[in-house]
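Overview (structure and organization)
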Amino acid sequence: MLTIQSHSYHRSQYIHSANSISGYTYEKINNVREYFGLRAKNEELALENARLKELLFNTKDTVIDLKSAPSFATDFRVIPARVIKNSYEKQENYITLDRGNLKGIKGDMGVISDRGVVGIVDKTTKNFATVISILHTNNPINGKIKNSNHFGSITWDGKNTGYVQLIDVPKLATLKKGDTIVTGGQSYIFPENIPVGKIDKIFIDKSTNKFVINVRLFNDMTNLGYVYIIENKKRKEKEILEAASEKEVNK
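Residues numbered from 1 in each chain as written. Predicted model: local features only at pLDDT ≥ 70, side-chain atom pairs only at ≥ 80, totals over all residues. Heavy atoms only, no water.

Here we look at unusual backbone geometry
With phi around 70°, Asp 108 is a residue other than glycine that occupies positive phi space. The backbone of Asn 147 sits at a positive phi, close to 60°, despite the residue not being glycine. When you line up the elements, Asn 147 lands in the loop between β6 (141-145) and β7 (151-155). Residue Asn 147 is classed as exposed on the basis of its relative accessible area, which comes to 76%. (Helix = DSSP H or I, 4+ residues; strand = E, 2+ residues; numbered from the N terminus. Buried < 20%, exposed > 50% of the residue type's maximum accessible area, 1.4 Å probe, protein only.)

Pasting the structure below:
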């Protein structure tokens, strides 16, 4: 300290070193602040995307008037969430989200990303939810060929994380490689026409004489960030009506 105080060169070098250390420290602190600021911004964008998806799912109009958004009588509610755990290497894969009962999340709600279907909510706690991934060998989802009324079940054979299968599609269906597969209107969980993927290969199941379609997913299921949970507000009404109709038929 005596040397530093009595010699201007040493003093200047000390000050320079101290400034360098301080600058490095401030830079790191600022980087942390920017990181958390970016996370907050991402959450804001996710909320806005959720709002826009609600509008999309609840209107048949080709042009949406955002000013009239609060007056929409919505069938679907969309809640943004963040993936905090994701498995994709097993036969039965699950995803964990940072939203739970406190945000109104319940079992059997659909989960999507900006690219397409992710899975279905399984169990919840106050602050978390687990999701049965689309990469699960026992999680069938109603699907169809886009711009067609031919339906089938979306399943996973457990082999490749980039592909699922659409099964039980009748041979009368007109389809070709590259056609888009979306969610079907028979689903209680997802709105109709949520993207799933594109047809890659087409086979015939000899036991059923129906198509088995290999579908390349739009989602990279190994790289998920923000997702959107969908509540179908009219699901219970639809289930009760259809159950009553089935009961009448079976009398």
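Digging into the pairing of strand β1 (residues 76-86)
Across 7 bridges, the pairing between β1 and strand β12 (residues 226-232) is antiparallel. The partner of Pro 80 across the bridge, within β12, is Tyr 228. Inspection of the sheet shows β1 paired to strand β2 (residues 92-97) by 3 bridges, in the antiparallel sense. For Lys 85, the partnering residue across the bridge sits in β2 and is Thr 96. (Pairing = 2+ DSSP bridges.)

Re the pairing of β2
Counted between consecutive antiparallel strands, the loop separating β1 from β2 contains 5 residues. In the sheet, β2 pairs with strand β5 (residues 129-136) via 5 bridges, with the strands oriented antiparallel. What sits directly across from Thr 96, in β5, is Thr 130.

Brief notes about the confidence of the model for the protein
In regions of low pLDDT, the predicted coordinates are not meant to be interpreted in detail. For the protein, per-residue confidence averages 79 on the pLDDT scale, and 70% of positions sit at 70 or higher. Per-element confidence in the protein ranges from a low mean pLDDT of 49 for helix α1 (residues 2-6) to a high of 98 for β5. The low-confidence segment residues 26-30 (pLDDT under 50) makes 0 contacts with residues lying over four places distant or belonging to another chain. In this model, residues 61-73 is a region of pLDDT below 50 whose contacts with residues beyond four sequence positions or in other chains number 12 contacts. (pLDDT = per-residue confidence, 0-100. Contact = heavy atoms within 4.5 Å.)

Observations regarding the sheet that holds strand β3 (residues 110-112)
Pairing in this closed barrel of 6 strands is antiparallel, and the strands run β1-β2-β5-β4-β3-β12 around the ring. Averaged over all neighbouring strand pairs, the angle between strand axes comes to 45°, with direction disregarded. Direction of pairing for strand β4 (residues 117-124) relative to β5: antiparallel, over a ladder of 5 bridges. Residue pairing across strands places Thr 124 opposite Ala 129, the latter belonging to β5. (Axes fitted to C-alpha atoms, helices over the stretch in contact; angles between N-to-C directions.)

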